[in-house]
Amino acid sequence: MRNSNVTRPKLGRKGDPRMNRAVCIRLANPRMSLVDALVAGGFTFPTKIKRRQNKSDPLILDSDGVSLNQRRNQLSKRLWQATKKDG
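Residues numbered from 1 in each chain as written. Predicted model: local features only at pLDDT ≥ 70, side-chain atom pairs only at ≥ 80, totals over all residues. Heavy atoms only, no water.

## Some details on the pattern of salt bridges
Thinking step 1. Counting across every chain of the model gives four salt bridges.
Thinking step 2. When the shortest N-O distance is used, the salt bridge between Asp-16 and Arg-18 registers 2.6 Å.
Thinking step 3. With relative accessibility at 24%, the residue Asp-16 sits in the partly exposed group.
Thinking step 4. Residue Arg-18 is classed as buried on the basis of its relative accessible area of 17%.
Thinking step 5. Linking Arg-71 and Asp-62 is a salt bridge whose minimum nitrogen-to-oxygen distance equals 2.6 Å. (Salt bridge = Lys/Arg side-chain N within 4 Å of Asp/Glu carboxyl O. Buried < 20%, exposed > 50% of the residue type's maximum accessible area, 1.4 Å probe, protein only.)

Below you can see the structure in the form of C-alpha cells.
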C-alpha cells in the first residue's frame, strides 16, 4: 500500500531559465508573438529578426547556435503543456 501523502521530488530537467521566463511572459501576454516572448525571456537573435520576424528562415540562430524554429517549437510545446496542466 502506498502512502499518497508522500511528496516526491519532480523528475526531469528544470529547463532553461530563459525559456521558463518566455513561457511566463507569453502566458501573461497571449497576444505577444512567440519571437517577442523569446527575446523578452532573454534569448538573443540577430537584430533583423526583431523587425521582420521572418519565422521561416532556418539560418536564424540564437547566441547558443539553436535555430529560431527550434526555439519557437519548444516554446509552443511548453505553452501547450502549461495550458493543458491548468485546464
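## A word on helix H1 (residues 17-28)
Thinking step 1. Taking 1.5 Å as the rise per residue, H1 with 12 residues should run 16 Å; its terminal C-alpha atoms sit 17 Å apart, in good agreement.
Thinking step 2. Inspection of H1 places Arg-18, Met-19, Ala-22, Val-23 and Arg-26 among the buried residues, and these make up the whole buried set. Taken end-on, H1 shows its buried residues confined to a sector of 140 degrees, consistent with a single buried face. More than 90 degrees from the buried face of H1, the exposed residues found are Cys-24 and Ala-28. (Helix = DSSP H or I, 4+ residues; strand = E, 2+ residues; numbered from the N terminus. Expected span 1.5 Å × (residues − 1). Arc of directions from axis to C-beta.)

## Regarding the nonpolar core
Side chains of a nonpolar character, in soluble globular proteins, are inclined to be buried together.
Thinking step 1. Core analysis: the biggest nonpolar cluster contains 13 residues, and Met-19, Leu-38, Phe-43, Phe-45, Leu-68, Leu-75 and Leu-79 have the highest contact counts within it.
Thinking step 2. Of all the secondary-structure elements, those providing two or more residues to this core are H1, helix H2 (34-41) and helix H4 (68-86).
Thinking step 3. If you tally residues by element for this core, the top one is H2, at four residues.
Thinking step 4. Not counting residues within four places of it along the chain, the set of residues in contact with Met-19 comprises Leu-38, Phe-43, Arg-71, Gln-74, Leu-75 and Arg-78. (Core = buried A, V, L, I, M, F, W, Y, C linked by side-chain atoms within 4.5 Å. Contact = heavy atoms within 4.5 Å.)

## Points about the packing of H1 against H2
Thinking step 1. Put simply, H1 and H2 touch, their axes get as near as 8 Å, and they point 130 degrees apart. Here H1 is positioned oblique relative to H2, judged by the angle of their axes. For the element pair H1 and H2, the recorded crossing hand is right-handed. Between H1 and H2, the contacting residues are Arg-18, Met-19, Arg-21, Ala-22, Ile-25 and Arg-26 on the first element and Leu-34, Ala-37, Leu-38, Ala-40 and Gly-41 on the second.
Thinking step 2. The class makeup of the residues in the contact of H1 with H2 is seven nonpolar, one polar and three charged. (Axes fitted to C-alpha atoms, helices over the stretch in contact; angles between N-to-C directions. Parallel < 35°, antiparallel > 145°, perpendicular 65-115°, else oblique. Left-handed = near helix turned anticlockwise from the far one by under 90°. Nonpolar A, V, L, I, M, F, W, Y, C, P; charged D, E, K, R; others polar.)

## A short note on the environment of Asn-73
Thinking step 1. Inspection of the secondary structure puts Asn-73 in helix H4.
Thinking step 2. Note: C-alpha distance between Asn-73 and Leu-34 (39 residues apart in sequence) is 9.3 Å.

## Observations regarding the environment of Leu-38
Thinking step 1. Structurally, the position occupied by Leu-38 is in helix H2.
Thinking step 2. Residue Leu-38 is classed as buried on the basis of its relative accessible area of 0%.
Thinking step 3. Along the backbone, Leu-38 and Val-23 are 15 residues apart, and their C-alpha atoms lie at a distance of 8.3 Å.

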